[in-house]
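Observations on the three-dimensional arrangement
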Amino acid sequence: MSTPTISFKLDGVELQAQAGETVLKAAQRHGVHIPHLCFSDGLRADGNCRACVVEVAGERTLAPSCCRTVTHGMEVKAKSERALKSQKLVLELLLADRPDAGHKWADERGEQPHGELSHWASQLGVTARSELKALRAPAPAPDLSHPAMAVNLDACIQCTRCVRACRETQMNDVIGVAYRGGHAQIVFDLGDAMGESSCVACGECVQACPTGALMPKTLLGDQRVDKSVDSVCPYCGVGCLLTYKVKDNKIVAVEGRDGPANQGRLCVKGRFGFDYAHHAQRLTKPLIRKAGVPKDPNSTAQPGDWRAVFREATWDEALEAAAGGLKHLRDTHGKKALAGFGSAKGSNEEAYLFQKLVRTGFGSNNVDHCTRLCHASSVAALLEGVGSGAVSNPVNDVEHAAFVLVIGSNPTSNHPVAATWMKNAAARGTQIVLADPRRTDLHRHAWRSLQFKADTDVALLNAMLHVVIEEGLTDAHFIARRVDNFEALRAQVQHTTPEAMSPICGIAPETIREVARAYATSPASMILWGMGVSQHTHGTDNVRCLIALASITGQIGRPGTGLHPLRGQNNVQGASDAGLIPMMYPNYQRVNTPEVHDWFEAFWNTELDDQPGLTVVEILHKAQAPASDPQKIWGMYVMGENPAMSDPDLNHAREGLASLQHLVVQDLFMTETAWLADVVLPASAWPEKTGTVTNTDRMVQMGRRALDLPGEAKPDLWIIQQLAQRMGLAWNYEGEEAGVAAVFEEMRQAMHGVIAGVSWERLEREDSVTYPCLSAEDPGQPIVFTEHFATPDGRVQLVPAAFKPAAELPDADYPFVLITGRQLEHWHTGSMTRRSQVLDAVEPHPTVSLSGTELARLGVPAGGVVTVRSRRGTVTLHARRDDGMPPGTVFIPFAYAEAAANLLTNPALDPFGKIPEFKYCAVAVSAGGDLHAGVDYGGGEAAPALTV
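Keep in mind the model is a prediction, meaning the values are calculated, not measured.

The subject of this paragraph is the environment of Gln701. Within the secondary structure layout, Gln701 lies in strand β29 (residues 699–703). On a C-alpha basis, the gap between Gln701 and Ser231 in space is 8.5 Å, while along the polypeptide they are 470 residues apart. Beyond its immediate sequence surroundings of up to four residues, Gln701 is in contact with Val232, Gly239, Leu241, Pro260, Gly691, Thr692, Val693, Asn695, Asp767 and Ser768. For Gln701, the side chain forms a polar contact with the main-chain oxygen of Gly239, separated by 2.9 Å. In this structure the side chain of Gln701 is engaged in a polar contact, spanning 3.0 Å, whose partner is the side chain of Ser768.

Have a look at this one:
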């Protein structure tokens, strides 16, 4: 349906505006440029700078065009004598109070010393008169206290774009305006230095600032760049589109792009975590383990001093050693002898080729990646219940929700841009319910917080299901048409009353009833969850309960409803779609389904194994199996994963890696896993490659190469092909970009129509396309299950779940519960973020979070040293006070090698998803201990110093 238009005149020319459009936006659309400073796309129009004023016929005063909505028959003059005089006067007065061109904050050429202000002054021929310059107020001192950003209020025009960006877009509430009149100024918190404030370094204010009053330190003095390259953020699964600013083959700044997932927003990692690609510890030549140097699982990796263990080699020698060792083990011990760990940090094309290499070259389905450690249980339950392992609605569909349940997730730290959509929704009146053992930052935006006892998700959710069913709040019509096994669910939850479940989960019965009623009766309710739901031995049961809750209330298949597991890494969705899992070919087609198996044998023209392979944890168990075990793993190929940091019970995992006869690791740095390798192959960072990734919203997005590779490092896709050829596979995906496109096209065929309409050419043109997308004309389907589910009969399959305790419970010796996870500044195992100067400066040390009550009981001050011990290992680290932590519970982020949380975690597996129980194990906590010296990540490049 076409949008109604409104006729109006602008400077005597009749134009058409869209309903609700402002004069400024309508003018821009028609190529008429009106000066503006306080206005920026994506921010609420404020109209305070008055640079955009226009003359409206019949009105006495000039109107700010950024705020004035077009009405039918309106006559506007943007270039009348009166309007231009006012516009020029505003620019002249603002220029007069700015520092002279050539100051050290400005572009050293002096061409645009005050950014957008200089641009508009140039367009209108305005200069600052010397007599006005003489009246300038004294210059405030610059603030360089923040690791990433510089504050120069001397350049500030008080447009408040930074305030709106901080308070209304990102909703961090750090920046405000203090004082009045001529003394008014921008402040951080209560007038703190930026580096000492509660700023989370999202950089939204920097991107919003029109004059350089807020600026990345990397651009101080010279904003010239050689090129700007559009790409995708390499961190979490939100999939923010961004632009790399490149100078001298180095990224010097990052800006958010108006992508469908982020609309210009970024977080601290996306905006400032780019310099890892230039770190001095980058691997730039192939390495081979020196003869006679043993693999010691107890030794500490020394990424900056590898020469005692490895020697440099040519690519031919390294590839022959890598492929030759793997081929020898396959031919000696059989096709089950090898395994591969692929990467969710690479591209779809790399994931597809990697799993194809394992299946056609190694000869088995022993291939997996980090989804096994994050959302394997979610995928298992979703495939079983709704027939698809992906999300039903995009994150920003919370805009259309009246009720949002966020359970087992800390989005402000793990998915910060996604969290902004939730906070924006809360500000508009959406009821946010935060259900988590920890009270996290989203709590202050929540309508209700359900701080349930760790590990009791099923008890809480079954109680909610009981309320919905017993109080007649189900959607009977939806159930009749689209739901199977409802009566079994009713029987399961018949006795799980809120009163019965309250002592187990720790939530008052009346609160459970209130939240269940609100969810069921809301016009649109949405569920988002994270690894707090999935990383349990009952993770699949947790998700089964969420599926049941959405299904019996009909809260799925419409805008603002549905089920959304927030994906952790930038391509964990795409890597799973591409078949990087042991029991599924691309598009979740089971390897032991005869017709599927036969199709792929014909497609790849190779005999394939028809049995599911081993998962991540199982592979490392089998690496230590006796030689007589037919499933023993003798050799492995690991690309971009770090199981020596990411697996549970790390001592056991590292022993498994060290026991392999042949380990090939392909990575950017000498990771803890690479330290145990026989051959290390230097790979490409995300900004050094072209390829696609798929975000948590099912958006296939294009990443473009911005940098040349350092030294002799090679593209990952090239390395995979070289190994394949040396293992006897006749692969030939010619050319760098053409080869990527060819792999994408093959993957598109293997996914049987799901991305049939997502051609390489379309991605180059549009950057982002949502699947399912079945034809070139299909815009993509952001909301699925609107009419039927992806199950064989089109109906959701409910699977009732009973409460089961964790595999390991606290006792007198280990009285605390350990929860692990991420923190805002660091990601995955820290191999990238620990080598980012800004990110590591903000969070340089490992910490354990406890409540103030627990710290007092232990006699430890905040910042003091504590030792945390489980049945599997011990770590010593600094204590951090967090009164959102419940009694008897501690939280440790897992990115720090010097205090690796996974030395403590339990490798017990969910029987369905085969995911480890990262989110619950018993530990003891004591005061004191010897801190580990830490890992030397030296060599990062600091932001240039400012000389004032």
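What follows continues from the structure just given.
So, on to helix α10 (residues 376–385). Taking burial as the measure, the ten residues of α10 include eight buried ones, the bulk of the element. Those residues of α10 that fall on the buried side of the exposure criterion are Ala376, Ser377, Ser378, Val379, Ala381, Leu382, Leu383 and Gly385. Residues of α10 that are buried make contact with β21 (525–529), α18 (531–534), α19 (539–552), β22 (562–565), β23 (584–585) and β31 (796–797).

All right, on to the side chain of Thr412 then. Residue placement: Thr412 occurs in helix α11 (residues 411–414). Those residues within four positions of Thr412 in sequence are excluded, and the remaining contacts are Ala419, Lys423, Asp441, Leu442 and Leu824.

Once that is clear, we can look at the pairing of strand β36 (residues 889–893). With five of its five residues buried, β36 lies for the most part within the structure. With burial as the criterion, each face of β36 is covered, one bearing Thr889, Phe891 and Pro893 and the other bearing Val890 and Ile892.

Here the focus is the sheet that holds β29. The three strands are arranged β28-β29-β30 in an open sheet whose pairing can be described as antiparallel. Among the strands making up the open sheet, the edge pair consists of β28 (691–694) and β30 (768–770). Taken pair by pair, the neighbouring strands of this sheet meet at an average axis angle of 25°, ignoring direction. In this structure, β28 lies alongside β29, joined through four bridges in antiparallel fashion. The residue bridging Val693 from the neighbouring strand is Gln701, located in β29.

Bringing the sheet that holds strand β26 (residues 662–667) into the picture now. Consider a sheet: its strands pair through backbone hydrogen bonds, and that pairing is either parallel or antiparallel. Reading across from one edge, β14-β13-β27-β26-β25-β15-β16 is the order of the seven strands in this open sheet, with mixed pairing throughout. Looking at the sheet topology across the chains shown, the edges are occupied by β14 (310–312) and β16 (367–368). With two bridges connecting them, strand β13 (residues 287–289) and strand β27 (residues 679–682) associate as antiparallel partners. Note that in β27 the partner of Ile288 across the bridge is Val679. The strands touched by helix α25 (residues 716–726) within the sheet are β25 (635–639), β26 and β27, with β25 carrying the most contacts at an inclination of about 160°.

All right, on to the pairing of strand β32 (residues 816–821) then. When you tally the buried positions in β32, you get six out of six residues, the bulk of the element. Examined bridge by bridge, β32 and β36 share five bridges and lie parallel to one another. Looking at β36, one finds that Val817 is bridged to Thr889.

Looking now at the packing of aromatic side chains. This structure, assessed with the given rule, holds 18 aromatic pairs. Plain terms: the ring middles of Tyr585 and Phe600 are 4.4 Å apart, the flat faces sit at 25° to each other, and that makes the pair stacked. Highlighted residues: Tyr585 in strand β23 and Phe600 in helix α21 (residues 594–604), separated in sequence by 15 residues. Like Tyr585, the residue Phe600 is buried in the burial classification.

Turning our attention to helix α26 (residues 736–750). Because each turn of an α-helix spans 3.6 residues, side chains separated by three or four positions in sequence point in the same direction. Compared with an ideal rise of 1.5 Å per residue, which puts 15 residues at 21 Å, α26 spans 21 Å between its outermost C-alpha atoms and is within 8% of the ideal. Taken as a whole, α26 has its buried residues at Gly739, Val740, Ala741, Val743, Phe744, Glu746, Met747, Arg748 and Ala750. Following α26 by one or two positions, His752 adopts a phi angle in the positive range, close to 50°.

Below, the discussion takes up the packing of helix α9 (residues 348–362) against α26. α26 packs onto α9 with a crossing angle of 70° between their chain directions and a minimal axis gap of 9 Å. By the criterion of interaxial angle, the relationship of α9 to α26 is roughly perpendicular. In the packing of α9 onto α26, the handedness of the crossing is left-handed. Along its contact with α9, which presents Asn348, Glu349, Tyr352, Leu353 and Lys356, the element α26 presents Val740, Val743, Phe744, Glu746, Met747 and Ala750. Across the contact of α9 with α26, the residue classes tally to seven nonpolar, one polar and three charged.

Now for the packing of helix α8 (residues 315–333) against α25. Two elements in contact, α8 and α25, have axes whose closest approach is 9 Å; the angle formed by their N-to-C orientations is 55°. The angle between α8 and α25 places the two elements in the oblique class. Helix-helix and strand crossings are classified by hand; for α8 and α25 the assignment is right-handed. Two secondary-structure elements touch here, α8 through Trp315, Asp316, Leu319, Glu320, Ala322, Ala323 and Lys327 and α25 through Trp718, Ile719, Gln722, Leu723 and Arg726. Residues belonging to the contact of α8 with α25 are distributed by class as follows: seven nonpolar, one polar and four charged.

Within the secondary structure, Phe310 is located in strand β14. For the pair Phe310 and Gln823, spaced 513 residues apart in the sequence, the C-alpha separation amounts to 33 Å. Ignoring sequence-local partners within four residues, the contact set of Phe310 consists of Leu287, Ile288, Arg289, Lys290, Met670, Ala674, Trp675, Ala677 and Val680.

Opposite charge on two side chains lets them pair, provided their charged atoms get close. Counted under the stated rule, the structure contains 51 salt bridges. Across the pair Asp230 and Arg257 runs a salt bridge, and its minimum N-O distance is 3.7 Å. On the criterion of sequence distance, the pair formed by Asp230 in strand β10 (residues 227–232) and Arg257 in the loop between β12 (250–256) and α7 (268–272) is long-range, its members being 27 residues apart. In this structure, the salt-bridge partner of Arg513 is Glu499, at a minimum N-O distance of 2.9 Å. Residue Arg513 is located in helix α17 (residues 509–521), and its partner Glu499 is located in helix α16 (residues 498–505); the two are separated by 14 residues in the primary sequence. Residue classification places Arg513 among the buried positions, given a relative accessible area of 19%.

Below, the discussion takes up the confidence of the model for the protein chain. Here the protein chain shows a mean pLDDT of 94. Residues at 70 or above account for 96%. Across residues 939–948, confidence stays below pLDDT 50; counting only partners more than four residues off in sequence or on other chains, it has 19 contacts.

What counts as what
- Residues numbered from 1 in each chain as written.
- Predicted model: local features only at pLDDT ≥ 70, side-chain atom pairs only at ≥ 80, totals over all residues.
- Heavy atoms only, no water.
- Helix = DSSP H or I, 4+ residues; strand = E, 2+ residues; numbered from the N terminus.
- Contact = heavy atoms within 4.5 Å.
- Polar contact = N/O pair within 3.5 Å; in protein donor to acceptor, adjacent residues only side chain to side chain.
- Buried < 20%, exposed > 50% of the residue type's maximum accessible area, 1.4 Å probe, protein only.
- Pairing = 2+ DSSP bridges.
- Axes fitted to C-alpha atoms, helices over the stretch in contact; angles between N-to-C directions.
- Phe/Tyr/Trp six-rings, centres within 6.5 Å; stacked < 30°, edge-to-face > 60°.
- Expected span 1.5 Å × (residues − 1).
- Parallel < 35°, antiparallel > 145°, perpendicular 65-115°, else oblique.
- Left-handed = near helix turned anticlockwise from the far one by under 90°.
- Nonpolar A, V, L, I, M, F, W, Y, C, P; charged D, E, K, R; others polar.
- Salt bridge = Lys/Arg side-chain N within 4 Å of Asp/Glu carboxyl O.
- pLDDT = per-residue confidence, 0-100.

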